[in-house]
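A structural walkthrough
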Amino acid sequence: MPPSCRPCVAMRVPMEPLSLLLVLSLLSPWGSVGGSCPPRCVCASNLLSCSQANLSAVPAPLPRFTAVLDLSHNNVTRLRADWAPARLPHLHALLLSHNGLAFVSTEAFTHVPRLRHLDLSSNRLRTLDENLFSDLGELEVLLLYNNEISTVDRTAFENLGRLRKLYLGQNRIARFPLELLREGTRLPQLALLDLSANRLRAVPAGELQALPAWLRDRLYLHNNPLVCDCLLFQLLDRGRRRHLSAVEDFQDELRCFPPGATTLVKILDLAGKQPLNCSKAQEAVLEAHLGDSVTLGCDSRWQGVRSRHWVTPGGERVLGDGGNGSVVLLANGSLQLRALRPEDAGTYSCWVAGPLLNETLYVELLVHNFTLHGPHDTLNTAYTTLVGCILSVVLVLIYLYLTPCRCCCCRGTEKPPAPRDDSINSSVLSTTPNHAGGTGEPCGSHVASSAGTGQNGRFKGGGTPPLPTRQGPKAQRKVSDPDSVSSVFSDTPIVV
């Protein structure tokens with residue numbers, strides 16, 4: 001090798017390690033200006049771990065390339081607005097558990113808008129103030145369990161449109177935060193809500209039953225001092241039969257206080273037992289009337305459903321509009337039936353292909369054979385029979401009490417009755433008695449005094465022989481009129 005080349009070789013050998021260090025410093029985020037790893041922390045790529053470092057404040061400055069920041073198991077008791085003075089655009093996970101944290105500023109998350117995972121568990125938080133997390137529009141998981149939270153502001157979770165999991169267990173919450181679930185407007189993507197081990201005494205079981213099954217499958221209510229109620233029992237009993245994990249996995253921890261008792265009992269053991277004697281409710285049984293329109297819901301517990309289809313009671317698969325449009329498959333998977341007919345009754349099946357397993361749901365539809373409303377309503381048989389019976393009773397009462405009375409006994413100066421020879425024209429079923437009862441004066445004595453007598457002083461009443469005068473208690477008894485048709489039904493014996 002020529003002498004002139006030796007210096008070049010000598011200079012090239014020491015330059016190789018320097019170039020490698022320079023390249024590594026440029027590739028590593030911690031080698032940039034202002035990106036040095038804080039003391040007592042461990043840095044690896046874009047991860048910054050300061051766990052168990054005995055810190056009382058967030059280290060500063062924080063490298064702007066930090067994506068995961070672990071500050072757990074320290075003594076950071078207050079999270080002020082200036083803990084991150086500069087914007088951290090890449091931070092998506094912040095861990096602050098086990099710090100004794102008692103205060104979080106409402107502006108604490110202004111510089112971390114891309115945060116998706118926030119862990120504030122196992123601290124001393126007591127309240128969730130107004131708009132506390134409103135700057136975290138991309139947050140997906142929020143851990144607040146094992147705190148001292150007793151008050152939750154209605155706007156604490158505003159703008160969390162992407163939140164999927166919310167852990168509020170092991171706190172002091174006494175009122176169910178129904179605004180988190182109602183209509184799905186505030187937290188539209190919420191799929192898990194943990195309220196276990198709080199101080200809930202009552203829950204709105206009726207409104208919770210109306211929630212989608214995939215949300216009820218991740219609604220945890222165990223280890224709360226609930227008051228026993230049949231609606232609560234039916235809600236959880238449906239969940240057990242549907243194998244919802246929030247019920248099936250915590251059956252022993254789902255307990256309540258019976259009325260007047262001080263000892264907790266298992267909620268799922270209330271069926272048929274005193275003092276509530278709760279009955280098991282049938283699930284997915286729908287009643288309707290002819291001509292109505294109903295919607296059958298496919299209440300699957302899977303959220304990411306790939307496909308679903310319905311099968312009618314006749315075994316036909318519903319893919320879209322059926323027949324003349326009376327069967328419609330809606331976009332949300334429900335089946336709508338219009339202008340119900342008697343043959344539409346039966347059990348419908350909804351086949352769901354979930355992300356992990358398939359599921360089959362059954363809905364029983366009962367169609368009553370009369371319309372409930374409308375101008376041409378028809379009466380059922382029971383109602384028609386009842387009306388007929390009432391009309392019959394009214395007619396009988398009219399016949400008995402409004403027909404002119406033909407009394408045989410005259411009182412005082414009343415008009416005397418007609419002669420007995422016209423009895424042939426009276427009703428065969430007449431209830432007018434044929435003789436006087438008791439010891440009173442017979443009607444014949446009044447008639448005889450006013451109508452005159454015949455031969456031998458006897459009264460002539462249409463050829464009817466007069467009653468001979470008798471002595472004794474039976475002197476008032478008369479002989480039945482042989483010419484009267486009504487005498488056939490009289491209890492007076494015929495004397496020949």
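Residues numbered from 1 in each chain as written. Predicted model: local features only at pLDDT ≥ 70, side-chain atom pairs only at ≥ 80, totals over all residues. Heavy atoms only, no water.

What follows is about the overall build of the chain. Counting secondary structure elements, the chain contains seven helices and 24 strands. By the burial criterion, 34% of the 496 residues in the chain qualify as buried. Contacts spanning at least 24 positions in sequence make up 60% of the contacts within the chain whose residues lie at least 6 apart. About 29700 Å² of surface is accessible on the chain, with carbon and sulfur atoms providing 56% of the total. (Helix = DSSP H or I, 4+ residues; strand = E, 2+ residues; numbered from the N terminus. Buried < 20%, exposed > 50% of the residue type's maximum accessible area, 1.4 Å probe, protein only. Contact = heavy atoms within 4.5 Å. Areas by Shrake-Rupley, 256 points an atom, 1.4 Å probe, with all protein chains shown as cover.)

Evaluation of the coordinates by the stated rule reveals three aromatic pairs. Note on Tyr 220 and Phe 250: the rings are 5.8 Å apart at their centroids and 90 degrees apart in plane angle, and the pair reads as edge-to-face. Of this pair, Tyr 220 sits in strand β13 (residues 219–220) while Phe 250 sits in the loop between α5 (245–248) and β15 (255–257), placing them 30 residues apart in sequence. Judged by its relative accessible area of 14%, Tyr 220 falls in the buried class. (Phe/Tyr/Trp six-rings, centres within 6.5 Å; stacked < 30°, edge-to-face > 60°.)

Here the focus is the sheet that holds strand β21 (residues 327–329). Spatial strand order, β18-β22-β21: three strands in an open sheet with antiparallel pairing. Edge positions in the open sheet fall to β18 (294–296) and β21, since each of these has one partner strand only. On average, each strand axis in the sheet is tilted by 20 degrees relative to the strand beside it, whichever way the strands run. Pairing geometry for β21 and strand β22 (residues 335–337), over three bridges, is antiparallel. In the strand pairing of β22, Val 328 is matched with Gln 336. (Pairing = 2+ DSSP bridges. Axes fitted to C-alpha atoms, helices over the stretch in contact; angles between N-to-C directions.)

Further remarks concern the side chain of Asn 224. With respect to the element layout, Asn 224 can be found in the loop between β13 and β14 (226–227). Within the structure, the side chain of Asn 224 is placed 3.0 Å from the backbone oxygen of Leu 195, a separation counted as a polar contact. (Polar contact = N/O pair within 3.5 Å; in protein donor to acceptor, adjacent residues only side chain to side chain.)

Secondary-structure assignment places Pro 204 in the loop between β12 (192–194) and α2 (205–209). Overall, Pro 204 belongs to the partly exposed group, its relative accessible area being 23%. As for Pro 204 and Leu 232, which are separated by 28 residues in sequence, their C-alpha atoms are 8.3 Å apart. Discounting chain neighbours no more than four positions away, the residues touching Pro 204 are Phe 176 and Leu 178.

On to the state of the cysteines. All told, the structure shown has five disulfides when counted by the stated rule. Across the disulfide, Cys 230 is cross-linked to Cys 278 (sulfur-sulfur distance 2.1 Å). On the sign convention where negative means left-handed, the S-S torsion of about -90 degrees between Cys 230 and Cys 278 marks this disulfide as left-handed. With Cys 230 in helix α4 (residues 230–241) and Cys 278 in the loop between β16 (265–266) and β17 (285–289), the pair connects residues that are 48 residues apart, well separated along the chain. Accessibility expressed as a relative area gives 2% for Cys 278, which makes it buried. Covalent S-S linkage joins Cys 298 and Cys 350, the inter-sulfur distance amounting to 1.9 Å. Sign of the S-S torsion, about -90 degrees for the bond between Cys 298 and Cys 350, identifies this disulfide as left-handed. (Disulfide = S-S within 2.5 Å.)

We now examine the side chain of Gln 336. As for its position among the elements, Gln 336 is in strand β22. A distance of 3.0 Å separates the side chain of Gln 336 from the side chain of Arg 338, its partner in a polar contact. When residues no more than four places from it in sequence are discounted, the contact partners of Gln 336 are Val 294, Thr 295, Ser 326, Val 327, Val 328 and Leu 330.

Now for the sheet that holds strand β2 (residues 47–49). Spatial ordering of the open sheet is given by β1-β2-β3-β5-β7-β9-β11-β12-β13, a layout of nine strands whose pairing is mixed. Of all the strands in the sheet, the pair left with one neighbour each is β1 (42–44) and β13. Across three bridges, the pairing between β1 and β2 is antiparallel. Considered in β2, the bridge of Val 42 is made with Ser 49.

On to α4, then. For α4, built from twelve residues, the straight-helix expectation of 16 Å at 1.5 Å per residue is met to within 8% by its first-to-last C-alpha distance of 16 Å. Taken residue by residue, α4 has Leu 232, Phe 233, Gln 234, Leu 235, Leu 236, Asp 237, Arg 238 and Gly 239 as its buried positions. Turning to α4, the residues buried within the fold contact α2, α3 (213–216), β14 and α5. (Expected span 1.5 Å × (residues − 1).)

A general feature of soluble globular proteins is that nonpolar side chains tend to end up buried together. Counting residues in hydrophobic clusters, the biggest one holds 71 residues, and the most contacted among them are Trp 83, Phe 133, Leu 144 and Phe 157. For this core, the secondary-structure elements that each account for two or more residues are α2 and α4. When residues of this core are assigned to their parent elements, the largest contribution, four residues, is made by α4. Setting aside residues up to four positions removed in sequence, Phe 157 forms contacts with Leu 128, Phe 133, Leu 142, Leu 144, Val 152, Leu 166, Leu 180, Arg 186 and Leu 187. Among the nonpolar cores identified, the runner-up in size contains 17 residues, and Val 294, Val 327, Leu 340 and Val 352 belong to it. (Core = buried A, V, L, I, M, F, W, Y, C linked by side-chain atoms within 4.5 Å.)

The subject of this paragraph is the environment of Leu 211. Within the fold, Leu 211 resides in the loop between α2 and α3. A sequence separation of 29 residues divides Leu 211 from Arg 182, and the C-alpha atoms of the two residues are 8.5 Å apart. The residues contacting Leu 211, other than those within four sequence positions of it, are Leu 181, Arg 216 and Asp 299.

With that out of the way, let us pick up unusual backbone geometry. Geometrically, the link from Ala 60 to Pro 61 is a cis peptide bond, its omega value of -5 degrees lying close to zero. Following the sequence through the fold, Pro 61 ends up in the loop between β2 and β3 (68–70). One non-glycine residue, His 73, adopts positive backbone phi at about 60 degrees. By the secondary structure assignment, His 73 is in the loop between β3 and β4 (78–79). Positive phi outside glycine occurs at Ala 197, with the angle close to 55 degrees.

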